[in-house]
Structures are given as C-alpha cells and as structure tokens.
Amino acid sequence: AAQVFAYDEAIAAYGRALECAQALNLPGEQIAIEESIGGTLLLRGDRVPASEHFEKALALATKPRERARLQSLAASSLVSNADPRGLAYVREALAGLDPVTDPIETADAMATEGRFHHLAGRHHRAIELMEQAAALAAPGPEGAPMTSRQASTLTTIYSYLAGAHQHLALFRDADRWARVTIEFGEKHGLPLAVAIGYEFL
C-alpha cells in the first residue's frame, strides 16, 4: 500500500513541477517532467495514461535523439493495447536511432516492434526482431556495469522470446528462454526477471 501511495505522491509532485515549468516557459524542463510522469505511470502499470504524457513530451521535443527516445517510450506504453499509433512511433524511433551509439534504446524499440508482431500473430517475425534486440542489448564483458535501462530491456526481451516461442508450441525453446531469464535475474540481482522466468516455465 505504501508503494501505491508513493507513486501517487510522486505524480502529484511532478504535476506541481510541471505547472512551474509551464509558467516559466521552460520547454526542456516540461519535456523531462512529462517523461518522468509517464515513466512513473508505467511503473504503476497505467500504460494508457503514460502514453499521453510521452506524447505531450514528444510534442515539445525537437532534438532527433530525444524524439526517438520519446517515440520508443510512447510505443512501449501503447503496445499492450495494440494501438497502431504505437507501431508508427516505434518505426519512427528506429529510423532515428543508431544501433552503434544507442544500442539499448535501439534494442528496446526493436523489442517493442516485435511485440506488435507477436500480438498480430506474426510470431516468427517477432522472434526474429527480439533475437536481434537480445544480441544488441547483451551484457558486456564479465564485470562490465549494467544500467537499470539495460537490465529492464533484457528482462523484457528474454521474456518476450519465451512467450513468442510458447505461442508457436515450441516449448523446448520457450523453456530455454525462460531459463535465460532466470539465470540473468539471478546473476544480476533482478528478482523480477527470476519471477518472470519461472512464470514462463
């Protein structure tokens, strides 16, 4: 219960900050705050309201990399409803991202596009995209630092791969990806990844 209230309090604080940024005509701060509100709503599981805030940030953004990041976030919040705006966003994001300089962001966008294919029943195409995304976002050498974004992206990709293989009744492959998810979670101290992996097993 305390965690639920924490989300509400964070969103309320961001709302007050947004009012100040609007009154002072600070578009850069407005973008950051709208993105933060969207991210907080995603953490709470409110994907549709989250997309509205990402779209508001996107309406203010002018820098190509910033727009690509926001398009990817908007797409990821719209994919659960198979909203076609999300597919358009993710394709625009991929056109603006460089896999060399933005590997995690690119992998995340590819996984989101894969999720759209999965929901449309194109599981083979979904797997193809998600395997490419997994390779792109893969952890570096032993001991290399991992950001929370990379950890979240890989957890999502691995679990999507388990699910897509299940839908094709390729249960051995699905279980292999479920175990990859569990091992990844155990190695990097990510209980959510471990739980998701066991759920797919």
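From a predicted model like this one, the values you see are computed outputs, not experimental measurements.

Parameters and conventions
Residues numbered from 1 in each chain as written. Predicted model: local features only at pLDDT ≥ 70, side-chain atom pairs only at ≥ 80, totals over all residues. Heavy atoms only, no water. Helix = DSSP H or I, 4+ residues; strand = E, 2+ residues; numbered from the N terminus. Rg over C-alpha atoms; globule rule 2.2 N^0.38 Å. Buried < 20%, exposed > 50% of the residue type's maximum accessible area, 1.4 Å probe, protein only. Contact = heavy atoms within 4.5 Å. Areas by Shrake-Rupley, 256 points an atom, 1.4 Å probe, with all protein chains shown as cover. Phe/Tyr/Trp six-rings, centres within 6.5 Å; stacked < 30°, edge-to-face > 60°. Core = buried A, V, L, I, M, F, W, Y, C linked by side-chain atoms within 4.5 Å. Axes fitted to C-alpha atoms, helices over the stretch in contact; angles between N-to-C directions. Parallel < 35°, antiparallel > 145°, perpendicular 65-115°, else oblique. Left-handed = near helix turned anticlockwise from the far one by under 90°.

**Some details on the overall build of the chain**
So, point 1. The helix and strand inventory of the chain stands at 10 helices and 0 strands.
So, point 2. Going residue by residue from the N terminus, the α and β elements of the chain occur as α-α-α-α-α-α-α-α-α-α.
So, point 3. A compact globule built from 201 residues would reach a C-alpha radius of gyration of about 17 Å, and the chain, at 17 Å, matches this within 12%.
So, point 4. Classification of the 201 residues of the chain by burial places 43% in the buried group.
So, point 5. Residue pairs in contact within the chain that sit at least 24 positions apart in sequence constitute 48% of those at least 6 positions apart.
So, point 6. Roughly 10,500 Å² of accessible area belongs to the chain as shown, and the carbon and sulfur atoms make up 56% of that amount.

**Regarding the packing of aromatic side chains**
So, point 1. Under the definition given, this model contains 2 aromatic pairs.
So, point 2. For the ring pair Y158 and F184, a centre distance of 5.4 Å and an interplane angle of 85° mean the geometry is edge-to-face. Within this pair, whereas Y158 is found in helix α8 (residues 148–167), its partner F184 is found in helix α9 (residues 171–188), the two being separated by 26 residues in sequence. Accessibility assignment for this pair places Y158 and F184 in one class, buried.
So, point 3. Taken together, the ring pairs in this structure connect Y158, W177 and F184 into an aromatic cluster.

**With respect to the side chain of D83**
So, point 1. Tracing the backbone through its elements, the reader meets D83 in the loop between α4 (64–78) and α5 (84–96).
So, point 2. Residue D83 is classed as buried on the basis of its relative accessible area, which comes to 19%.
So, point 3. Once you skip the residues sitting within four places of it in the chain, D83 turns out to touch L78 and F116.

**Here's the deal with the nonpolar core**
In summary, soluble globular proteins display a tendency toward joint burial of nonpolar side chains.
So, point 1. Counting 26 residues, the largest nonpolar core has L70 and Y89 as the members making the most contacts within it.
So, point 2. Put simply, the parts of the chain that give this core at least two residues each are α1 (2–23), α2 (27–44), α3 (47–60), α4, α5 and α6 (103–119).
So, point 3. With 6 residues, the single largest contributor to this core is α4.
So, point 4. Apart from residues lying up to four places away in sequence, Y89 is in contact with E55, L58, Q71, A74, A75 and L78.
So, point 5. Counting 21 residues, the second largest nonpolar core, distinct from the first, contains M130, A137, I157 and A162.

**Side note on the packing of α8 against α9**
So, point 1. Where α8 contacts α9, the axes come no closer than 7 Å and their chain directions differ by 160°. It follows that α8 is roughly antiparallel to α9 by the angle criterion. When the axes of α8 and α9 are compared, the crossing they make is left-handed. Contacts between α8 and α9 involve A151, L154, T155, Y158, S159, L161, A162, H165 and Q166 from the former and F171, D173, A174, W177, A178, V180, T181 and F184 from the latter.

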